[in-house]
Protein chains: 2
Amino acid sequence: MHFEVTILGSNGAIPAHNRYPTSQFLNYNGQGFLLDCGEGTQLQMSKYNIKRGKLDHIFISHIHGDHFFGLMGILTSFNLNYREHPLHIHAYPGVEEIVRTYFKHAQTILRYEIIFHQVTADEPRVIYENDGLTVETIILKHRIPTTGFLFREKVGPRKILPAKLDQYQIPVHEISAIKMGGDFTTEGGSVIPNIELTHDPAPPRSYAFCTDTAYTESFIEQIRGVNVLYHEATFVHEHRARAAETGHSTTREAATIALKANVDKLIIGHFSARYEDLSQLLSECKDIFPNTELAIEGHLFSI
Amino acid sequence: MHFEVTILGSNGAIPAHNRYPTSQFLNYNGQGFLLDCGEGTQLQMSKYNIKRGKLDHIFISHIHGDHFFGLMGILTSFNLNYREHPLHIHAYPGVEEIVRTYFKHAQTILRYEIIFHQVTADEPRVIYENDGLTVETIILKHRIPTTGFLFREKVGPRKILPAKLDQYQIPVHEISAIKMGGDFTTEGGSVIPNIELTHDPAPPRSYAFCTDTAYTESFIEQIRGVNVLYHEATFVHEHRARAAETGHSTTREAATIALKANVDKLIIGHFSARYEDLSQLLSECKDIFPNTELAIEGHLFSI
């Protein structure tokens, strides 16, 4: 089961040093999810060979342009490329108003349906669910309503030990009940307990995407123990006053959240245009939380 | 006097083959004008070292995304970079509605003023004028109201022959009248005719930007004899049915307009994503109008 994130854009508000604004493509077992969609996202998808036909859900964290100015280009290109299946956009209502205003003036009749799902900033909610995972909102602390997104794999079915299939001649129609935890009764009437037939499934994996946000511990319990946390770190510690003023985080703040939430790995991004060299951002995080990596465009992180 | 155009984006509706959608930066004597503004324009401006502080006027040909999806990013970056002087946008009214809708939701209070000038598609008009040039709209033929833009240099003042300044001891305060065509009366009362003191100024130059458009001869008289014509050529001749269907031009059509309008040079662009190699587009134009060039990104054309 693939569960991986490709970084498409890693920069803060002003594109600089050939870094694009925020966007990430999440692939879960062949299903595509886009997390934010800054200007140029469709160009980056082409560059990194992202198959956009598998993209059915776009999540927008907030209505600042560096997180969604690439959206209309993607919607338009889908239309020109004869997309027919629906596309779901999870965003604050203003995004829908902007998109609809554009298509009205462009006199575009879309070949496919866009289904808007309204995100709210009042409390964390599960806003999407399929057989394999759930997506929850994370309430962040920024200048305007902003939400992160937490992708949690569901606990999978138990794994049957292949040797036991032979040993007890288990018929095919019994298998799904055993995977769900059921015991097996042989033809002779012996009950074989589930624990003898199966082992635990792989532990469910999780990915938290938190941008843009000032330092806040309010969501630490929600993200506790996730495999990978993406947390913005727009500024180095020295520029903490600027971070506070603009509703962003410093390196030390991002790393502190990672440490307190006991995550396995931290990825930082949304770098200010003032930093061409990112090494100080990384080293300041590593001082507090060693397993930190930079969101480098084109890099694929396996969750 | 610089009068030059840098190609920032040359592709048609879907970005492809590392080509960006339409945008051009026109520099007239240090003043900057942006002609269309497709997604990624601000990234291209950085790449090609365009000084955006000198950019005060943006012209948008029509409300199709590949001609203005980069606008909001530029407006936002101007704000983040502390721009204070006004910016003029010449466009159909829908552009203002889209821009204002975004800034409302982003809760952005701009540090600088955006002055919208409404373009209309009824007849060609001078929509901008300064000491050195005028800008006229060109009415094009596309699926929605669309205008090209014609930059015409004004006839400059006459050039005084340096030798005559000495010969007649012409005082400084007389010079501007002579440049405007006046004669000079010496202290002794002799009238020296202007023609003896000056020579003609350089002939005024002109640049016509025509995209998107189907073949139409309706503007040929307006652009007759321009130095450089940019005319879209989305398709090769073989795909002329597709051109007609979508309101675009073929190579042969663009070249025919250039020929009939007796321009000096033709630049073609707005290439369909189906063509990775552009050589056929170029050669088909050259068969009809030899002095044709491709709009290659980063290329600077002197007018």
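This structure is a prediction, so every number in the text was calculated from the model and none was measured.

Is there a simple way to explain unusual backbone geometry in this structure?
Note that the residue after Thr211(A), namely Asp212(A), is joined by a cis bond; omega there is -10°. Within the secondary structure, Asp212(A) is located in the loop between β14 (206-210) and α7 (220-223). Residues other than glycine seldom take positive phi values, yet Asn49(A) does so here, at roughly 55°. Tracing the chain through its elements places Asn49(A) in the loop between α1 (41-47) and β4 (55-59). Here the phi dihedral of Asp36(B) falls at roughly 60°; this positive angle occurs in a residue that is not glycine. Turning to its location among the elements, Asp36(B) is positioned in strand β3 (residues 31-37). On the neighbour-count criterion, Asp36(B) (28 C-beta atoms within 10 Å) is buried.

In this structure, what is going on with helix α10 (residues 279-288) of chain A? I would like to understand it.
Given 3.6 residues per helical turn, the α-helix brings residues three or four places apart onto the same face. Residue and element names in this part refer to chain A. Looking at α10, one finds that the buried residues are Leu-281, Glu-284 and Cys-285. In a view along the axis of α10, the buried residues occupy a sector of 95°, so they form one face of it. For α10, the exposed residues lying more than 90 degrees away from the buried face are Ser-279 and Ser-283.

Help me understand the pairing of β3(B) in this model?
One face of the sheet, then the other: side chains in a regular strand alternate in exactly this way. Residues and elements named next belong to chain B. The element β3 is largely enclosed, with a buried count of five among its seven residues. Judged from the six bridges that link them, strand β2 (residues 23-28) and β3 form a sheet pairing that is antiparallel. Opposite Phe-25, over in β3, you have Leu-34 as the bridge partner. The pairing of β3 with strand β4 (residues 55-59) spans four bridges and is parallel. From the neighbouring strand, Leu-35 faces β4, where its bridge partner is Phe-59. For the handedness criterion, the β-α-β arrangement of β3, helix α1 (residues 41-47) and β4 is classed as right-handed.

Help me out: how do you make sense of the relation of the copies chain A and chain B in this one?
Here two copies of a chain appear, and what relates them is a rotation about an axis with a shift along it. For the pair chain A and chain B, the superposition axis carries a translation of 0.0 Å, the fit reaches an RMSD of 0.1 Å, and the rotation angle comes to 180°. Seen this way, the second copy is the image of the first under a two-fold rotation axis. Residue Gly40(A), judged by its C-alpha, is the member of chain A lying nearest the rotation axis, at 2.8 Å. Of all interface residues in chain A, 100% are interface residues in chain B too; the two copies therefore contact each other through one and the same surface.

Looking at this structure, I do not really get the interface of chain A and chain B. What am I missing?
Between chain A and chain B, the contact holds 27 residues from the first and 27 residues from the second. Breaking the side of chain A that touches chain B down by element, the ones donating at least two residues are α1, α2 (71-80) and α3 (93-106) of chain A. If one sorts the elements of the side of chain A that touches chain B by residue count, α3(A) sits on top with seven residues.

About the cut-offs
Residues numbered from 1 in each chain as written. Chains lettered and ligands numbered in written order. Predicted model: local features only at pLDDT ≥ 70, side-chain atom pairs only at ≥ 80, totals over all residues. Helix = DSSP H or I, 4+ residues; strand = E, 2+ residues; numbered from the N terminus. Buried ≥ 20, exposed ≤ 12 C-beta atoms within 10 Å, placed from the backbone. Arc of directions from axis to C-beta. Pairing = 2+ DSSP bridges. Right-handed = clockwise from strand over helix to strand, strands pointing away. Least-squares fit on C-alpha atoms with pLDDT ≥ 70 in both. Contact = placed C-beta atoms within 7 Å.

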